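A closer look at the structure
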Amino acid sequence: MLEGDMMMTDSINDFFDSMLCLPDLRLVKSGLKTTNGHDDYLLFVNAGGGSIHPKDCQINFKGDSFFEGGEIIQTSEIIVDGGDYSFLYQSARYGNFCYKFSDLPCGDFLLDLHFAEIVYTNGPKEMRVFDVFVQDEKILSDFDVYAIVGANKPLQLLDVRIFVPDNGVVVVSFEGRSGTPMVSGISIRKAPKLPVTSQPIICNNCASVQEISSIKNRGQNAKFLAKYEKKIQELTAQCKAMSDECHEAWMSQKTTNDQLEELKMEFNNKLFQTENLELTVEMQMVKLRNVTQMYEHSQKKWNTTMVGLDEKVKVMKQEHLQLCLEAHDWADAAPDFNKMIIAVQTLVVQCNDLKSKYAEEMIKRKNLFNLLQEIKGNIRVFCRCRPLNRGEISSGYATVVNFEAAKDGELGLFTGGPTKKIFKFDRVYTMNDDQSDVYADASPLVISVLDGYNVCIFAYGQTGTGKTFTMEGTEQERGVNYRTLEELFKIAGGRKEMFNYDISVSVLEVYNEQIRDLLAIFPSSKKLEIKQALEGFHHVPGIVEAKVENIEEVWNVLKVGRNARAVGSTNLNEFSSRSHCMLCIMVRAVNLVTGESTQSKLWLVDLAGSERLAKTDAQGERLKEAQNINRSLSALGDVISALASKSSHVPYRNSKLTHLLQDSLGGDAKALMFVQISPSENDLSETLSSLNFASRVRGINLGPSRKQVDTSELMKLKMTIDKLRQECKTKDMSSRKLEDSIQSLESKVRGKEHMCRTLQEKNKELEAQVESKRELQFSSERQNMQLSEKVKELEHKLKEQEQSENLVQQKIKELNSKVKEHEFSELIAQQKVQDLSMKLRERHQFECLLEQKVKDLEEKLRKEELKSACMERIVNSAEKKFLSKDESNGEIDPRVLRSSNSINQPMEVPSSILLKAEETLQNAKIERESEDVEGNVAVGEKKVSILCETNRKRKIDQSKTLGRLSRTSKAAATQRFPKVGTTKSNSREQEQRKIIR
């Protein structure tokens, strides 16, 4: 055993030594203590926390600073063995971060690190493993705090010797290996001077001499290196063995994967086959369903038609009987019609008398009922006790309440003595009484509200005794609030012929002596105050008054108010009401007969529970709420005591609660209080005080209540009286008109007698129709027989149709195969059509180009024709001019004429040559030649005209002028046809060659 323990301790020490990368480092499994306070600390950082200056201590803990990166985490759990400064380990910085200390003095210092695992308190190990570096030198490797000390326990790393260089900067960095690193504190203190050693250290691997630094003593590095070498050899052997095992596992996994893939392929094939089979089965099932549905549908159709025909026949028989009875009644009633008119008139007179008597009885009933309520007392007290809850039963608390005389209104309370204390109330409810029993006794006050009296119903008692349940209830068991409004609407509906009621609802709460409107969607910043109206009643200006028409709207309003109410949790009640909830119902009634108008209020108040601060252990906001609740309830007690003693001054204004209830607690109102108590002996003192308070309230006599008549309606009543007088006059006139109408009614009676005769004639016609209907009935029965035969035929046809459908399905399969072949041929045909369309498009484009070229050639031909026509016109005009000149010179010598003819003869040749040239030169720049010819002809004509004018002026010889004209004409001809020679020396072939050139 001792050897085993030694081995365990050696392995643990080796584990710790493997984490420490430097010698002379110490791990302390406890917190920082004052015994270490003699050290001279240069800097102490509270990582993740604030600056702390403990008394009687030289250590100054600075707040978290000098960090780069990371986040803060804190805990309130107790640190075990935290030393004298356990707060240091309740905060930490975690993540990838580092601390950079600057402005430090140069020299040797000791660095201490403080750790605690405050996150992974339930482990396991290796959830947070990290390395620590100081000045880029690793001092901790694979450091795991939980593996060393566990959770919520401190761990110190002491005596890390560092050297601060001249720049005064020290960097401590943390890097996570598994999870994120964490540190709780870092301290830097002055280091003692080390003695200088002369023995060098030789490395086992390289046999080099290692210098001993004065900064850090590395004397034990050889020991650590030997341990590490052994561990490396062991780890390499383990690595080889694991790699061999991995290779074998990989090969086996590969074979299993191949087998798996084959199985998957087989499985997929089987799935595919099953899916195909399921599809075929589903198709067959669908077909069967369709056939059955068709058959059932047709069968139902025929059944319905048969049933419809039977019903029609029955209806026709009943109509026939009714017509017969009506005809007999009309025949019997005709003689007694005058008697009926007289009877109706007498009934009208009796009805008017009954209405007047009913109004008198209603007034008497109201007076007697209100007198009865006033005799009983305006403030009545009902006591209700809740049953024991689960916590009280489990704690074993006994019941201190006795209900033996509950029917007589007496309640017994065991106060610890041999006798019990008796309390007398108007009504005492046992634990078995439900909500309907409670409201049955409170319902008479609802009628008082509708009659115009102010009423107040409020619940008082200790917290957790069921006040809110009594007043509000739940959806399954409605409380007094809901049942009261339901009764209001019910009675108002019954009186709608005599009265017109307008009902509106407001929901308030008094929270910390402040009035809050629970129906306001956007609460205003202004405080709600209580004001007194001119009529004398108190109201709160600015509150929301929701007008309600039915009980559903009432429930929605109550739901909104309940959700907005302040509720909190205490030691006595998990859902304790922290305010006084007040439901105000305003009823405005108008008597449609007398015109009297009343305006009354009904307060339904759920008071907050009275509680003792010692039991509730309230603190902060709950303490303030409890103080305000007790203050307002004590103010209510002061008002009750003042009313009981009939004091001249009643302190209504001491609280917002009593100030609001001033109209209802005064002498002109009716009040009812529910006192709620607990049966547990643990609440005996609170129950006793509540019952004493209720007894005082019951002894108060407020005097007779007063009806709240709306004085603003008196003037309206006077106006209505005047109107009624005028209406009396008009009624006298209308009575005369009624007499005239009676005479007209008599004439109508005579007409009705005539109608009776006509009805008798119609009766005879109807009898004839009935006989015809009987014949139709017989025919319909025959048709039914025929229809049944047709149904059988249709069933036979359905069977044949099923057989034909099977044949059709086979044909459909054949057609599907043909359709596929047809589709394939259509695809080929579509491809061919596309090719042909491409060819047609190309051919169409080519034709368009040819048409464009033809159009261009036609335009060119038109231009050439126009130009040739212009040329002919010009030549003809020139020849005419020459002829006119020859005629004018008729007295010239015949020799001159001959010479002129001989000169003019060659002009015929160029005209023929011109025509041939124009035919051969259509495509040889016709435009350019035509422009040149037009210019030359114009020049010749100008010259001829100039010569003629000069001959006239100068009177030159005719022979000279003709010679000149002949020369000019030749020149013009040569200019007009430059490539054409004379007729004397050249033949036509030479002329054509010249033209071609």
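Under an unreviewed UniProt entry, the name given to the protein chain is Kinesin-like protein, and the organism recorded is Platanthera guangdongensis.

**Brief notes about the overall build of the protein chain**
When helices and strands are counted, the protein chain shows 21 helices and 31 strands. Within the protein chain, buried positions represent 33% of all 997 residues. Across the protein chain, the fraction of contacts at a sequence separation of at least 24, relative to all contacts at a separation of at least 6, is 75%. Looking at the protein chain as shown, the accessible area adds up to about 64,400 Å², and 55% of this sits on carbon and sulfur atoms.

**Some points on the sheet that holds strand S1 (residues 26-28)**
The strand order across the open sheet formed by five strands is S1-S10-S7-S13-S2, and the pairing between neighbours is antiparallel. Each edge of the open sheet carries a strand with a single partner, namely S1 and strand S2 (41-46). Mean inter-strand twist for the sheet, computed between neighbouring axes without regard to direction, equals 20°.

**Comments concerning the pattern of salt bridges**
Throughout the structure, instances matching the rule amount to 17 salt bridges. Its salt-bridge partner being Arg93, residue Asp64 comes within 2.9 Å of it at the nearest N-O pair. Here Arg93 lies in strand S5 (residues 91-94) and Asp64 lies in the loop between S2 and strand S3 (67-68), a separation of 29 residues in the sequence. Each of the two residues, Asp64 as well as Arg93, counts as buried. Taking the shortest distance from any N to any O, the salt bridge between Asp426 and Arg698 comes out at 3.4 Å. Within this pair, whereas Asp426 is found in the loop between strand S19 (420-424) and strand S20 (427-429), its partner Arg698 is found in helix H15 (residues 684-698), the two being separated by 272 residues in sequence. Residue classification places Asp426 among the partly exposed positions, given a relative accessible area of 33%.

**A short note on the UniProt feature "binding site: ATP" (unreviewed entry) in the protein chain**
Mapped onto this structure's residue numbering, the UniProt feature "binding site: ATP" (unreviewed entry) falls at Gly461, Gln462, Thr463, Gly464, Thr465, Gly466, Lys467 and Thr468. The topology assignment puts Gly464 in the loop between strand S21 (454-461) and helix H8 (467-471). Locating Lys467 in the fold gives a position in helix H8. The residues contacting Lys467, other than those within four sequence positions of it, are Ala459, Tyr460, Gly461, Gln462, Asp606, Leu607, Ala608, Gly609 and Gln676.

**Thoughts on the sheet that holds S5**
Sheet architecture is open: three strands sit in the order S4-S5-S12, paired in antiparallel fashion. With one partner strand each, in any of the chains shown, strand S4 (71-74) and strand S12 (182-183) form the two edges of the open sheet.

**Some thoughts on the packing of aromatic side chains**
For the coordinates displayed, the defined rule picks out 18 aromatic pairs. With centroids separated by 6.1 Å and ring planes inclined at 15°, the aromatic side chains of Tyr99 and Phe101 adopt a geometry described as stacked. Phe101 gets classed as buried once you look at its relative accessible area, which sits at 1%. For the ring pair Phe382 and Tyr429, a centre distance of 6.1 Å and an interplane angle of 85° mean the geometry is edge-to-face.

**Some details on the packing of helix H12 (residues 621-644) against H15**
Contact pair H12 / H15: the axes reach a minimum separation of 9 Å and the direction vectors enclose 40°. Taken together, the axis directions place H12 and H15 in an arrangement best described as oblique. Where H12 crosses over H15, the handedness of that crossing is left-handed. Of H15, the residues touching H12 (which contributes Leu636, Gly637, Ile640, Ser641 and Ala644) are Phe693, Arg696 and Val697. Taken together, the residues that form the contact of H12 with H15 break down as five nonpolar, two polar and one charged.

**Quick notes on the environment of Gly179**
The topology assignment puts Gly179 in the loop between strand S11 (170-178) and S12. Look at Gly179 and you get partly exposed, because its relative accessible area is 47%. Distance in space between the C-alpha atoms of Gly179 and Met127 is 6.0 Å, their sequence separation being 52 residues.

Criteria and thresholds
Residues numbered from 1 in each chain as written. Predicted model: local features only at pLDDT ≥ 70, side-chain atom pairs only at ≥ 80, totals over all residues. Heavy atoms only, no water. Helix = DSSP H or I, 4+ residues; strand = E, 2+ residues; numbered from the N terminus. Buried < 20%, exposed > 50% of the residue type's maximum accessible area, 1.4 Å probe, protein only. Contact = heavy atoms within 4.5 Å. Areas by Shrake-Rupley, 256 points an atom, 1.4 Å probe, with all protein chains shown as cover. Pairing = 2+ DSSP bridges. Axes fitted to C-alpha atoms, helices over the stretch in contact; angles between N-to-C directions. Salt bridge = Lys/Arg side-chain N within 4 Å of Asp/Glu carboxyl O. UniProt positions renumbered as here; feature names shortened; annotations may be inferred. Phe/Tyr/Trp six-rings, centres within 6.5 Å; stacked < 30°, edge-to-face > 60°. Parallel < 35°, antiparallel > 145°, perpendicular 65-115°, else oblique. Left-handed = near helix turned anticlockwise from the far one by under 90°. Nonpolar A, V, L, I, M, F, W, Y, C, P; charged D, E, K, R; others polar.

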